[in-house]
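Residue strings, one per chain:
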Amino acid sequence: MNPTDIHQPDYFHKVVDCQWACPAHTPVPEYIRLIAAGRYSDAYMINWESNVFPGVLGRTCDRPCEPACRRGRVEENNGEKPEPVAICRLKRVAADYKDDIRGRLPKAPARKNGKRIALIGAGPASLTVARDLAPLGYQLTLFDGDQRAGGMIRSQIPKFRLPESVIDEEVGYILDIGVDFRSGNRIDSLKQLLAAKYDAVFVGTGAPRGRDLEIPGRKEAAANIHIGIDWLSSVSFGHIDKIGKRVVVLGGGNTAMDCCRSSKRLGGEDVKVIVRSGFEEMKASPWEKEDAQHEGIPILNYLVPLEFAHKNGRLTGVSFEKVKAEYDVKGRRKLTPTGEPVVHYECDDVLVAVGQENAFPWIERDIGIEFDQRGMPVVDKVTMQSSLPHVFFGGDAAFGPKNIIWAVAHGHDAAISIDKLCHGEDVSVRPPPMVTLASQKMGIHEWSYDNDISGDERYKVPLKDQKIALKNIKVEVELGFDPKLALAEAGRCLNCDVQTVFAPRLCIECDACVDICPMDCITFTSNGDETDLRTRLNAPAHNLTQDLYVSDALKTGRIMAKDEDVCLHCGLCAERCPTGAWDMQKFLLDMTHAGPGCRNKPQRKAA
């Protein structure tokens, strides 16, 4: 193998698995260390720069960082699956315990730069674009049909998961930078908006339409069959405050979990979630399913709805066909009937949460925006640009339903593109991130970070007493970590951004690092191709998604190979090394957002 080029920004970035997995590339270990030090405001600002909504996401994020967490791969947990660090809930700690940070936020410049940008839809994607562009002097006009900004954050996430005060605070931070918010102003014609000659338009309208279920009885029993996201929105805005005692929720995603838990708080006594797939295949996050079951809501699987039963125009129940999963030789799943009798469940109301889809009736098809066969705009996945160069899309409006953190990432990318477009630059030329790599050595065997490995299992977030929580839909269920629990949970982080950096010229091949490594992830051996080398390490490296760190040839002709997959970043190799060939260096990757740093550097003319 060729020696590893550790100067490539993505090499150590990939080793910081949590940050690599986060669409906004939040520096997770960095803010967790700050939380451990009680520096909550500093931790909050690091999050605010990356993911914009720390308090919101600390309660609602889909947590792509946590399955990637190295802690879930390296520790033993009494035969059970190890638990990652509670990254998401630690983010909330920063939001809950910060000081007043308004003085640290950017201010709207006194003079605008002359560029006018229209933002359609006041959800997380548009708000992120506004957050990035407002401090640069852009004149931003934000349109939304609702009276208050927030989009799906405000309309679809129940208040027992996300209090209104948290939304108001973090949305307010952005609007206060200098955004002209046109509330109650729904855009019905993009052509008409384009006639106003904006320099760029960003569409962040989400996926506002819930899929229906057209089976027999749908029209006859329509009064008691509700589309999940519409129903959640009506509950959120106070238009609905009760539901029947017997409720069936159809669907297996996070919307279905919000529907069933909301129903439980609005009068539902017998609430069931019924899903056509198996439990493990449900799209809902594992913790969302766990929360629903904790509240006494059963989840019934492998049942396909056949018919809505009704009598005298009123819903009486739903009939289902029992199915099973069968797989072909390529592993593709097919649901086939079991032949068992039809299953019937009586109910008073049904909530249909079988998916969401986009609707763009307000975008005329003759203005230059290309749509695909699914009715989605054709959008560049890097620049967020449509086929009409000054129109950009982001969030669910760009690629279909995902989650808040993806909408934030899209907003950052679109803001870069808009900034470059308005400066006459090629939007496809993307700015590199800012990268630092700094030694943490403070003495021969002393580091500037705590490298002790905690043996603690993941701490559970305290919950509100269920007798209280289920009586009021606005009572927040999760209480969050207090500072003591936050410190303990933060101690479980392995500091994966503090890298083991190897200097071959200093190595005397004494194998001291090999002897002390608790994970057997360092090997001195002869070089070879990767497939062969992975089998000859002290502990074979089977995870091909993680790189091997390979050195230049040493004096004996051997090389050092380290498996990045299971390294604890404990620093014992650097402490034991008699020559300083190993060092612990903190890698910090800071994504470049819109502004001077994203633009092409002018070339000097030759003398």
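Above: the structure in question.
Computed from a predicted structure; not experimentally measured.

Trainee: So what exactly am I meant to see when it comes to the overall build of the chain here?
Mentor: Tallying secondary structure elements over the chain gives 22 helices and 24 strands in all. Over its C-alpha trace the chain gives a radius of gyration of 27 Å, about what one expects of a compact globule, namely 25 Å for 607 residues. Dimensions of the chain, computed from the C-alpha atoms along their principal axes, are close to 90 × 65 × 50 Å. A total of 607 residues make up the chain; the buried ones form 55% of that total. At a minimum sequence separation of 6, the contacts of the chain that also span at least 24 residues come to 71%. For the chain, the accessible area works out to roughly 27,400 Å², and carbon and sulfur atoms hold 50% of it. Put simply, the chain has 78 plus and 85 minus side-chain charges, and the middle of one group is 4 Å from the middle of the other.

Trainee: So what exactly am I meant to see when it comes to a negative patch on the surface here?
Mentor: A cluster of acidic residues, Glu-83, Glu-290, Asp-456 and Glu-457, forms a negative patch at the surface. On the secondary structure map, Asp-456 appears in the loop between β19 (446-447) and α18 (466-469). For Asp-456, a relative accessible area of 31% puts it in the partly exposed group.

Trainee: Even after reading the chapter, I still don't get the nonpolar core, so can you show me in this structure?
Mentor: Across soluble globular proteins, you tend to see nonpolar side chains buried next to one another. In this structure, Leu-190, Val-201, Phe-393 and Ile-522 are the most contacted members of the largest nonpolar core, which totals 130 residues. In terms of residues, this core owes the most to one element, helix α17 (residues 404-422), which gives eight residues. The residues touching Phe-393, leaving out its near neighbours within four places in the chain, are Phe-202, Val-203, Phe-360, Ile-363, Ile-369, Pro-377, Val-379, Met-384, Ser-386 and Ala-398. Ile-243, Cys-260, Ala-284 and Val-477 belong to the second largest nonpolar core, which has 25 residues in total.

Trainee: Looking at this model, I keep getting lost on the pattern of salt bridges. Mind explaining?
Mentor: Opposite charge on two side chains permits pairing when their charged atoms draw close. Under the defined criterion, the tally for this structure stands at 49 salt bridges. In this structure, Arg-148 engages Glu-164 in a salt bridge whose closest nitrogen and oxygen atoms are separated by 3.4 Å. With Arg-148 in the loop between β2 (139-143) and α10 (152-155) and Glu-164 in helix α11 (residues 164-175), this pair connects stretches of sequence that are 16 residues apart. Using a relative accessible area of 39% as the deciding quantity, one classes Arg-148 as partly exposed. Its relative accessible area of 24% is what places Glu-164 among the partly exposed residues. The residue Arg-265 makes a salt bridge to Glu-295 at a minimum N-O spacing of 2.8 Å. Of this pair, Arg-265 sits in helix α14 (residues 254-265) while Glu-295 is found in the loop between α15 (286-294) and β9 (299-300), placing the two residues 30 residues apart along the sequence. Grouping residues by exposure puts Arg-265 and Glu-295 together as buried. Three or more residues joined by partner-sharing salt bridges are found here, namely Arg-148, Arg-154, Lys-159, Glu-164 and Asp-168.

Trainee: In this structure, what is going on with the sheet that holds strand β1 (residues 116-120)? I would like to understand it.
Mentor: Where strands meet in a sheet, backbone hydrogen bonds hold them as pairs that are either parallel or antiparallel. Taken in spatial order, the five strands of this open sheet run β3-β2-β1-β4-β16, and their pairing is parallel. If you trace the sheet from one side to the other, it starts and ends with β3 (179-182) and β16 (391-393), each paired once. Within the sheet, the average angular offset between the axes of one strand and its neighbour, ignoring direction, is 20°. Taken together, the five bridges between β1 and β2 define a ladder with parallel strand orientation. The partner of Ile-117 across the bridge, within β2, is Leu-140.

Trainee: Explain the packing of helix α9 (residues 124-133) against α17 here, please?
Mentor: Relative orientation and spacing of two packed helices are given, respectively, by the angle between their axes and the distance between those axes. For the pair α9 and α17, the least separation of the axes is 7 Å and the interaxial angle reads 40°. Taken together, the axes of α9 and α17 lie oblique to each other. Crossing of α9 over α17 shows right-handed handedness. Between α9 and α17, the contacting residues are Pro-124, Ala-125, Thr-128, Val-129, Arg-131, Asp-132 and Leu-133 on the first element and Ile-404, Ala-407, Val-408, Gly-411, His-412, Ala-414, Ala-415, Ile-418 and Asp-419 on the second. Residue composition of the contact of α9 with α17, grouped by class: ten nonpolar, three polar and three charged.

Trainee: Please clarify how the environment of Pro-504 should be interpreted in this entry.
Mentor: Tracing the backbone shows Pro-504 in the loop between β20 (498-502) and α20 (512-516). In this structure, Pro-504 is in contact with Ser-551, Asp-552 and Leu-554, ignoring residues within four places of it in sequence.

Trainee: What am I meant to see in α14 here?
Mentor: Since there are 3.6 residues in each turn of an α-helix, residues three or four apart along the chain are aligned in direction. With twelve residues, α14 should cover 16 Å at 1.5 Å per step; its first-to-last C-alpha distance of 17 Å lies within 8% of that length. Most of α14 sits inside the fold, with ten of its twelve residues counted as buried. Burial in α14 covers these residues: Ala-256, Met-257, Asp-258, Cys-259, Cys-260, Arg-261, Ser-262, Ser-263, Lys-264 and Arg-265. Positive phi appears at Gly-267, one or two residues downstream of α14, with a value of about 115°.

Trainee: How should the packing of aromatic side chains be read in this particular structure?
Mentor: The description of an aromatic ring pair uses the distance of the two centres, along with the angle that the planes make with each other. By the definition in use, this model includes eleven aromatic pairs. Lying over the aromatic face of Trp-287, Arg-63 brings its terminal NZ or CZ to 3.9 Å of the ring centre. For Lys-98, the ring lying beneath its charged end belongs to Tyr-44, and the centroid distance is 4.8 Å.

Trainee: Just to check I follow, could you spell out the sheet that holds strand β24 (residues 582-590) for this structure?
Mentor: Spatial ordering of the open sheet is given by β17-β24-β20, a layout of three strands whose pairing is antiparallel. Of all strands in the sheet, those with a lone pairing partner are β17 (434-439) and β20, marking the two edges. When the angles between neighbouring strand axes are averaged without regard to direction, this sheet yields 35°. Bridging between β17 and β24 involves six bridges; their strand directions are antiparallel. Counted as the bridge partner of Met-434 is Asp-590 from β24.

Trainee: Explain the packing of helix α4 (residues 40-51) against α17 here, please?
Mentor: Two numbers describe how α4 lies on α17: the axes approach to 9 Å, and their chain directions differ by 70°. Classified by the angle their axes make, α4 and α17 are roughly perpendicular. Where α4 approaches α17, its residues Glu-49, Ser-50 and Asn-51 are matched on the opposing element by Ile-405, Val-408 and His-412.

Trainee: Looking at this structure, how should I read the environment of Lys-219?
Mentor: Mapped onto the elements of the fold, Lys-219 is located in the loop between β5 (209-210) and β6 (225-227). Sequence spacing of Lys-219 and Phe-308 is 89 residues, and the spatial spacing of their C-alpha atoms is 9.2 Å.

Quick notes on the rules
Residues numbered from 1 in each chain as written. Predicted model: local features only at pLDDT ≥ 70, side-chain atom pairs only at ≥ 80, totals over all residues. Heavy atoms only, no water. Helix = DSSP H or I, 4+ residues; strand = E, 2+ residues; numbered from the N terminus. Rg over C-alpha atoms; globule rule 2.2 N^0.38 Å. Buried < 20%, exposed > 50% of the residue type's maximum accessible area, 1.4 Å probe, protein only. Contact = heavy atoms within 4.5 Å. Areas by Shrake-Rupley, 256 points an atom, 1.4 Å probe, with all protein chains shown as cover. Lys, Arg positive; Asp, Glu negative; His and termini not counted. Charge placed at Lys NZ, Arg CZ, Asp CG, Glu CD. Patch = residues over 30% accessible without salt bridge, like charges linked within 9 Å, V, L, I, M, F, W, Y side chains within 5 Å. Salt bridge = Lys/Arg side-chain N within 4 Å of Asp/Glu carboxyl O. Core = buried A, V, L, I, M, F, W, Y, C linked by side-chain atoms within 4.5 Å. Pairing = 2+ DSSP bridges. Axes fitted to C-alpha atoms, helices over the stretch in contact; angles between N-to-C directions. Parallel < 35°, antiparallel > 145°, perpendicular 65-115°, else oblique. Left-handed = near helix turned anticlockwise from the far one by under 90°. Nonpolar A, V, L, I, M, F, W, Y, C, P; charged D, E, K, R; others polar. Expected span 1.5 Å × (residues − 1). Phe/Tyr/Trp six-rings, centres within 6.5 Å; stacked < 30°, edge-to-face > 60°. Lys NZ or Arg CZ within 6 Å of the ring centre and 35° of its normal.

None of the figures reported here should be taken as evidence of function without further support.
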